[in-house]
Amino acid sequence: MQNIRGLAIAVVVVAVAAILFFGAWYQIDQGEEGVVLRTGAVVGTVGPGLHFKIPVIEDVKEISLQSHTETFDNMESYSRDQQPAQIRLSVSYHIIPGSGGGLYAEYGSVENMIARLVEPRVPAIFKNVFGQYDALGAIQQRAKLNSDALAALQAGIGEPLVIESVQVEDIKFSAAYENSIEEKQLATVEVQKRQQELAQQKVQAEITVTQAQAQADAQIAQATAAATAVKLAADAEAHAIQVKGDAEAAVIANRGKALRDNPGVVALIQAEKWDGSLPNTMPPNGTVPFLDLNPPTQTGRQ
């Protein structure tokens, strides 16, 4: 009986020892941070890896440092021009490494922190940002709205969170306003279409004017070339006439000079052209043509 009791005690002791031994070791995964509690009080934080703790006295709470996203559905807000809207917003964040101890001391868990810090502040801060945009601007400038909301949330929430991004996923206005926006867009499209048609007509008109100008320039060039050709031909003909006249005048001048220098040339030409026949009739006191019976007077002879 004593042996059985002793064996039971030994088993219990071994079991307790095993529990204490194996309970003294713990592991923190990558992307997490361990908050070490000693008798319920925060004494520090540890990073990823295998660690040792005092059994029973110390405990470890794991805090995720990875990125998380919270979605806020059907947030009601008003634009600057007093248009009511329902908004779906997503906010991505992560815990600042090394801040797990403060987070646990103040909030007790990440879930409590989200419920007490993030969920109340995000809608209030975003409404202030959204109220700076009119309805049409919020739709057309979605990227700027996201950027402004991110800056406002980063400044308004701060530690122990890092707000990574803000995405306005959907904005719903009243049916009447959305219909008016659609009609305005259709009108804008129609105006743009008309402007494109007018631009095309203007380009076509410019092409027509350019073609007409080119045709007119070509006709002017042809007329100029024809006039130039006519002028050149006239100048050439006038020059030819002048040259011919100058040549004939030169011949006449040479003949006149030759006759002056040689008076007998005329008689010689007449004699060469005479066929030797005498006229059949002669008028009274007439003379025989081409016959000069008086011999030339010789100077110095008797």
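Before reading on, note that the structure itself is shown above.
From a predicted model like this one, the values you see are computed outputs, not experimental measurements.

Caption draft 1: Here's a closer look at helix α3 (residues 110-130). For α3, spanning 21 residues, the distance from its first C-alpha to its last is 28 Å, which sits close to the expected 30 Å at 1.5 Å a residue. The largest bend in α3 amounts to roughly 30° and is located at valine 118, with the proline proline 120 lying one to four residues further along.

Caption draft 2: Region of interest: helix α5 (residues 142-157). Under the 1.5 Å per step criterion, the end-to-end length of α5 is 22 Å for 16 residues, consistent within 8% with the ideal 22 Å. Taken as a whole, α5 has its buried residues at Leu145, Asn146, Ala149, Leu153 and Ile157. All buried residues of α5 fall inside an arc of 95° around its axis, so they share one side. Turned more than 90 degrees from where α5 packs its buried face, Ala143 and Ala155 sit exposed. Buried positions along α5 lie against β7 (84-95), α3, α4 (135-140) and β8 (161-173). A positive phi of about 65° marks glycine 158, the residue just after α5.

Caption draft 3: Expanded view of the side chain of glutamate 33. Within the element layout of this structure, glutamate 33 appears in strand β2 (residues 32-38). Here glutamate 33 is buried and forms no salt bridge, its nearest opposite-charge partner lysine 61 lying at an N-O distance of 15 Å. Polar contacts involving the side chain of glutamate 33 include one to the main-chain amide nitrogen of glycine 98, which spans 2.5 Å. Among the polar contacts made by the side chain of glutamate 33, one reaches the main-chain amide nitrogen of glycine 100 at a distance of 2.9 Å. When sequence neighbours within four positions are dropped, the list of residues in contact with glutamate 33 reads Ile28, Thr45, Val46, Lys61, Glu62, Ile63, Leu65, Pro97, Gly98, Ser99 and Gly100.

Caption draft 4: Looking closely at the packing of helix α2 (residues 100-107) against α3. Contact geometry of α2 with α3 gives a least axis separation of 9 Å together with a crossing angle of 65°. When the interaxial angle is binned, α2 and α3 end up roughly perpendicular. Classified by chirality, the crossing of α3 by α2 is left-handed. Between α2 and α3, the contacting residues are Leu103, Glu106 and Tyr107 on the first element and Val110, Asn112, Met113, Arg116 and Leu117 on the second. Split by residue class, the contact of α2 with α3 holds five nonpolar, one polar and two charged.

Caption draft 5: Region of the structure containing the sheet that holds β2. With antiparallel pairing, the three strands of this open sheet are ordered in space as β3-β2-β5. Edge strands, defined here as strands with exactly one partner in the open sheet, are β3 (41-46) and β5 (58-64). Looking at each pair of strands side by side, their axes are set apart by 30° on average, direction ignored. As paired strands, β2 and β5 are joined by seven bridges and run antiparallel to one another. Pairing of leucine 37 across the sheet is with aspartate 59, part of β5.

Caption draft 6: Local environment of the environment of lysine 53. Tracing the chain through its elements places lysine 53 in the loop between β4 (49-52) and β5. Taking the C-alpha atoms as reference points, lysine 53 and leucine 37, 16 residues apart in sequence, are found 9.6 Å from one another.

Caption draft 7: Summary view of the nonpolar core. Counting 40 residues, the largest nonpolar core has Met113, Phe126, Phe130, Leu145 and Ile171 as its most contacted members. Per-element tally for this core: the top contributor is α3, with 10 residues. When near neighbours in sequence (up to four residues on either side) are disregarded, methionine 113 contacts Ile95, Leu103, Tyr107, Val118, Pro160 and Leu161.

Caption draft 8: Main features of the pattern of salt bridges. The full count for this structure, using the stated rule, is six salt bridges. Between aspartate 59 and lysine 61 there is a salt bridge; the shortest N-O distance is 3.7 Å. The class of aspartate 59 is partly exposed, set by a relative accessible area of 32%. We classify lysine 61 as partly exposed; its relative accessible area is 33%.

Thresholds applied
Residues numbered from 1 in each chain as written. Predicted model: local features only at pLDDT ≥ 70, side-chain atom pairs only at ≥ 80, totals over all residues. Heavy atoms only, no water. Helix = DSSP H or I, 4+ residues; strand = E, 2+ residues; numbered from the N terminus. Expected span 1.5 Å × (residues − 1). Bend = angle between axes of the 7 residues up to and from the residue. Buried < 20%, exposed > 50% of the residue type's maximum accessible area, 1.4 Å probe, protein only. Arc of directions from axis to C-beta. Contact = heavy atoms within 4.5 Å. Lys, Arg positive; Asp, Glu negative; His and termini not counted. Salt bridge = Lys/Arg side-chain N within 4 Å of Asp/Glu carboxyl O. Polar contact = N/O pair within 3.5 Å; in protein donor to acceptor, adjacent residues only side chain to side chain. Axes fitted to C-alpha atoms, helices over the stretch in contact; angles between N-to-C directions. Parallel < 35°, antiparallel > 145°, perpendicular 65-115°, else oblique. Left-handed = near helix turned anticlockwise from the far one by under 90°. Nonpolar A, V, L, I, M, F, W, Y, C, P; charged D, E, K, R; others polar. Pairing = 2+ DSSP bridges. Core = buried A, V, L, I, M, F, W, Y, C linked by side-chain atoms within 4.5 Å.

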